[in-house]
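Chain by chain, the residues run as shown.
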Amino acid sequence: MEIVIVVVCSLFAAGLLAALVFKAVSMIKDMRRFREELAKIKSSDQYLLDIVQDGKTVRIECKDVNSDNIELIAKDEGKE
């Protein structure tokens, strides 16, 4: 009977170890993918903007614009 308990506990421990290794490997893959995506975004002039509202996500592709020669004019509501 003791042998059965030892075998069952060993199998349970092996299962937990396998689950831990699987989770660690998947986290490493996700981390690499995230770093590659960040590097891709930093090297590109386009980026994605995710807007989340009420559980729905809208993804918008945006592009950086050179605004060195653009002058912003604010309308002063007191002077009309």
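Here is what the cut-offs are and how they apply
Residues numbered from 1 in each chain as written. Predicted model: local features only at pLDDT ≥ 70, side-chain atom pairs only at ≥ 80, totals over all residues. Heavy atoms only, no water. Helix = DSSP H or I, 4+ residues; strand = E, 2+ residues; numbered from the N terminus. Buried < 20%, exposed > 50% of the residue type's maximum accessible area, 1.4 Å probe, protein only. Areas by Shrake-Rupley, 256 points an atom, 1.4 Å probe, with all protein chains shown as cover. Pairing = 2+ DSSP bridges. Salt bridge = Lys/Arg side-chain N within 4 Å of Asp/Glu carboxyl O.

Participant: Explain the overall build of the chain to me, using residue names and the numbers behind them.
Facilitator: Along its length, the chain carries one helix and two strands. For the chain, the proportion of its 80 residues judged to be buried stands at 1%. Summed over its atoms, the accessible surface of the chain is roughly 8200 Å², and 61% of this surface lies on carbon and sulfur atoms.

Participant: An account of the pairing of strand 1 (residues 46–53) is requested, with residue identities and associated values reported.
Facilitator: Across eight bridges, the pairing between strand 1 and strand 2 (residues 56–63) is antiparallel. Residue pairing in the sheet places D50 in a bridge with R59 of strand 2.

Participant: Which residues make up the pattern of salt bridges, and what are the values?
Facilitator: Any two side chains of opposite charge can pair if their charged atoms end up close together. Applying the stated criterion across every chain yields a total of two salt bridges. We note a salt bridge from R33 to D30, for which the minimum N-O separation is 3.3 Å. In this pair, R33 and D30 are both assigned in helix 1 (residues 2–43), three residues apart and thus about one turn of the helix distant. Classification of R33 by relative accessible area gives exposed; the value is 51%. A salt bridge links R59 to D50; the shortest N-O distance between them is 2.8 Å. Accessibility expressed as a relative area gives 54% for R59, which makes it exposed. D50 gets classed as partly exposed once you look at its relative accessible area, which sits at 40%.

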